[in-house]
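Observations on the three-dimensional arrangement
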Amino acid sequence: MVAAFPGSAHACRTFASPKFEDVSYADVVVIGRVDNYRVIRDEAFRKRMLATPNLSAQMRKTYQDPKQGLLSDYARFDIQVEQVLVGQASSKLSVTWDNSTFGEPDQMAAGRYLIALRRPNSVSPPLRGPSATILHSPDPNALTLLQAPCSSAFIYDTESGEAQTIRRILDARRK
C-alpha cells in the first residue's frame, strides 16, 4: 500500500540532519545545472486504487486529486554537467529522485548545484530517522539522487556551506 497525504507525500515522523560523510555512498558527484525538472505521478497506482470497489469517498477524492502527492511519485530531471568530482559522467545525465520521505518539490530553482548520485543497486545510506518508507528505484537504469531516508537529499547550491563541506570531505578522501 502506498500512502497518500494532503499536499505532498511524507513518510518520516521527524527530519534527521544530513550526515555529509554519507557522500561516500555516492557513485557520482557532479557540479551542474538542473534542467527539465518534473514530478512523475504514479498513475498506475492511482488507477488501481480508484478501481477498488470499497474505497472510501475521502480516499477516492485523494486519488483523483491531481495535486495530491503519493509516496510512489518521483521526480525526473536532467543535469547539465559542468564538473565531475567523483566517478564518471557524461556532459548530460538523466536522473531520478524518489524523495518518498518528504515528497518532491514541484519545481527546482535555477542555479548551479553540487549533486551526489548513486546507482539504484548501490548501497543506500543508513536510516537517519526513527521511521521511513523506502521504495524501489523508479528507473533501475538511471542514476538517482543520493539521500538517506528521513534526511535531505545531496543537492546543494554550489555556494552553500553544505556544498563546501562536502567538497572538503571529497578532497580529504583523495589525499
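So, here's what we can say about the structure. If you're wondering where the values come from, they're calculated on a predicted model, not measured in any experiment.

Quick word on the overall build of the protein
Scanning the protein from N- to C-terminus turns up three helices and six strands. Starting at the N terminus and ending at the C terminus, the protein contains elements arranged as β-α-α-β-β-β-β-β-α. Per-residue burial over the protein gives 45% buried out of 175 residues. When contacts within the protein are restricted to residue pairs at least 6 apart in sequence, those whose partners lie at least 24 apart make up 79%.

Quick notes on the pairing of strand E2 (residues 74–86)
Pairing of strand E1 (residues 28–40) with E2 involves ten bridges; the strand directions are antiparallel. Note that in E2 the partner of Asp35 across the bridge is Asp78. Across six bridges, E2 lies against strand E3 (residues 92–97) in antiparallel orientation. By the bridge assignment for E3, Asp78 is matched with Ser94. In this structure, the hairpin formed by E2 and E3 is closed by a connection of five residues, where Gly87 is found at a positive phi of approximately 80 degrees.

Digging into the pattern of salt bridges
Two side chains that carry opposite charge are able to pair once their charged atoms sit near each other. In this structure the tally under the stated criterion is eight salt bridges. A salt bridge links Arg33 to Glu82, with the nearest nitrogen and oxygen atoms 3.2 Å apart. Of the two residues, Arg33 is situated in strand E1 and Glu82 in strand E2; the sequence distance between them amounts to 49 residues. Judged by relative accessible area, which is 37%, Arg33 ranks as partly exposed. Because the salt bridges share partners, they merge into one network encompassing Arg33, Glu82 and Arg112.

Some remarks on the side chain of Thr158
Locating Thr158 in the fold gives a position in the loop between strand E6 (155–157) and helix H3 (161–174). Judged by its relative accessible area of 7%, Thr158 falls in the buried class.

Conventions adopted
- Residues numbered from 1 in each chain as written.
- Predicted model: local features only at pLDDT ≥ 70, side-chain atom pairs only at ≥ 80, totals over all residues.
- Heavy atoms only, no water.
- Helix = DSSP H or I, 4+ residues; strand = E, 2+ residues; numbered from the N terminus.
- Buried < 20%, exposed > 50% of the residue type's maximum accessible area, 1.4 Å probe, protein only.
- Contact = heavy atoms within 4.5 Å.
- Pairing = 2+ DSSP bridges.
- Salt bridge = Lys/Arg side-chain N within 4 Å of Asp/Glu carboxyl O.

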